[in-house]
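# Working through the structure, step by step
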Amino acid sequence: MDLSDIRVIKNILARHGFHFSKSLGQNFLINPDICPRMAEECGAQKGVGVLEIGPGVGVLTAELARRADRVVSVELDKRLLPVLDDTLSGYRNVKIVNEDILKADLRKLIETEFSGGEVAVCANLPYYITSPVIMRLLEERLPIRSVTVMVQKEAAERLCAPPGTRSCGAVSAAVRYFAEPEVLFEVNRDNFFPPPNVDSAVIHLNIRKEPPVKINSERDFFALVKAAFGQRRKTVLNSVSAGLSLDRAVVDAALERAGIAPNARAEQLSMEQLAALSNEVFL
């Protein structure tokens, strides 16, 4: 069964009476080269289990199952369950879990399904839940070694933007705190059925064992980062004082102690400078 053949997909979906849901961001890959590459890039191999999010009709799932010891795919849409039973019937190392990835107990799921082995995450993520899913995977410090996902191209650039660049934002700094991000390759919209309105890109997040900077409090650090990038056109002095409801003099003194110019903007700061400022603001 060639799950990258649009005629095969249409026949399968018609047989099961399945219709696409725009609200769930359902666009299925039809380029036969992309899913094998994603499976390789995520590190699916013997000795590794893979957690997949949103398997669709199972085209990526099948490639993961050919390589990894076990694949557990979390799918929200109950209508796809009989479709996946059909397309993945030849793989005994695949399990489909009908849950919402944003509500599921992922730590328990991983511990139960993978028995403490190495786990990688791989997915073609629906665009509307990209950031919430990625941040949940990172912030909960789940026992995973990497996250390899296809997302909207603009989101990929934002998520992987290095500090000190114009594209960097609060989510960029947060991702870099937990992982080493990299854009692997771009995927044109014509590679999907039905085609979305935007192009995509595959990113890889290699989970860090330790954060790249030393901070006194993660909660304070992320609060400061959110405030600093909250009003991008303003200086860090103005955005942080406004975002955290602090007196300008307090923030100005913290900037001086951290060695940061008061007229600097958040996008100009390195991770080390953001960390230093957080430590100084929240003494």
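In what follows, the accompanying structure is described.

Conventions adopted
Residues numbered from 1 in each chain as written. Predicted model: local features only at pLDDT ≥ 70, side-chain atom pairs only at ≥ 80, totals over all residues. Heavy atoms only, no water. Helix = DSSP H or I, 4+ residues; strand = E, 2+ residues; numbered from the N terminus. Buried < 20%, exposed > 50% of the residue type's maximum accessible area, 1.4 Å probe, protein only. Contact = heavy atoms within 4.5 Å. Areas by Shrake-Rupley, 256 points an atom, 1.4 Å probe, with all protein chains shown as cover. Lys, Arg positive; Asp, Glu negative; His and termini not counted. Charge placed at Lys NZ, Arg CZ, Asp CG, Glu CD. Pairing = 2+ DSSP bridges. Axes fitted to C-alpha atoms, helices over the stretch in contact; angles between N-to-C directions. Parallel < 35°, antiparallel > 145°, perpendicular 65-115°, else oblique. Left-handed = near helix turned anticlockwise from the far one by under 90°. Core = buried A, V, L, I, M, F, W, Y, C linked by side-chain atoms within 4.5 Å. Salt bridge = Lys/Arg side-chain N within 4 Å of Asp/Glu carboxyl O. Polar contact = N/O pair within 3.5 Å; in protein donor to acceptor, adjacent residues only side chain to side chain. Arc of directions from axis to C-beta.

To continue, consider the overall build of the protein chain. Helix and strand content of the protein chain: twelve helices and nine strands. Here the C-alpha coordinates of the protein chain stretch approximately 70 × 40 × 30 Å along the principal axes. Counting across all 283 residues of the protein chain, residues that qualify as buried make up 52%. Sequence separation of 24 or more characterises 69% of the internal contacts of the protein chain that already satisfy a separation of 6 or more. Accessible surface, the protein chain as shown: approximately 13,400 Å² in total, 47% of it carbon and sulfur. Both charge centroids of the protein chain, one from 35 positive and one from 36 negative side chains, sit 3 Å from each other.

Turning next to the sheet that holds strand 5 (residues 118–124). Here we have seven strands laid out as an open sheet, ordered 4-3-2-5-6-9-7, and mixed in their pairing. Looking at strand neighbours, the two that pair on one side only are strand 4 (94–97) and strand 7 (179–187), the edges of this open sheet. Direction aside, neighbouring strands of the sheet carry axes that sit 20° apart on average. Bridging between strand 2 (residues 48–53) and strand 3 (residues 70–74) involves five bridges; their strand directions are parallel. The partner of Gly49 across the bridge, within strand 3, is Arg70. Most of the contacts of helix 5 (residues 106–114) go to strand 3, to which it runs at about 150°, and overall it touches strand 2, strand 3, strand 4 and strand 5. In the packing of helix 8 (residues 170–178) onto the sheet, the strands contacted are strand 7 and strand 9 (200–207), and the crossing angle to strand 7 comes to about 115°.

Time to look at the packing of helix 11 (residues 248–258) against helix 12 (residues 271–281). Relative orientation and spacing of two packed helices are given, respectively, by the angle between their axes and the distance between those axes. Relative orientation of the contacting elements helix 11 and helix 12 amounts to 130°, with a least axis distance of 9 Å. With respect to each other, helix 11 and helix 12 are oriented oblique. Relative to helix 12, the crossing made by helix 11 is right-handed. Of helix 12, the residues touching helix 11 (which contributes Ala254, Leu255, Arg257 and Ala258) are Ala276, Leu277, Glu280 and Val281.

In this section: the nonpolar core. Formed by 65 residues in total, the largest nonpolar core has its most connected members in Leu51, Ile134 and Leu137. At six residues, the largest contribution of residues to this core is made by helix 8. Leaving out residues up to four positions away in the same chain, Leu137 has contacts with Ile53, Leu106, Val121, Leu142, Ile144 and Val147.

We now examine unusual backbone geometry. With a phi angle near 50°, Arg141 is a residue other than glycine that sits in the positive phi range. Even without a glycine there, the phi angle at Ser245 is positive, about 55°. Structurally, Ser245 can be placed in the loop between helix 10 (236–243) and helix 11. Looking at Ser245, the relative accessible area reads 68%, which means it is exposed.

This part is about the pattern of salt bridges. Summed over the entire model, instances satisfying the criterion amount to 16 salt bridges. Between Arg79 and Asp77 there is a salt bridge whose closest N-O contact spans 2.8 Å. For the salt bridge of Arg257 with Glu280, the shortest nitrogen-to-oxygen distance reads 2.7 Å. Residue Arg257 is located in helix 11, and its partner Glu280 is located in helix 12; the two are separated by 23 residues in the primary sequence. Each of Glu40, Glu63, Arg66 and Arg67 takes part in one network of salt bridges that share partners.

Before going further, it helps to spend a moment on the side chain of His204. Mapping His204 onto the fold places it in strand 9. In this structure the side chain of His204 is engaged in a polar contact, spanning 2.8 Å, whose partner is the side chain of Thr148. Residues in contact with His204, not counting those within four places in the same chain, are Glu41, Ser146, Val147, Thr148, Glu180, Pro181, Glu182 and Leu184.

Buried within helix 1 (residues 6–15) are the following residues: Ile9, Ile12 and Leu13. Buried positions in helix 1, seen along its axis, are confined to an arc of 95° and lie on one side of it. Structural note: helix 1 exposes Arg7, Asn11, Ala14 and Arg15 on the side pointing more than 90 degrees away from its buried face. On the buried face of helix 1, the contacting elements are strand 1 (28–29), helix 4 (81–87) and strand 8 (192–193). The distance from a side-chain oxygen at the start of helix 1 to the backbone nitrogen of Arg7 is 2.8 Å, and the residue carrying that oxygen is Asp5.

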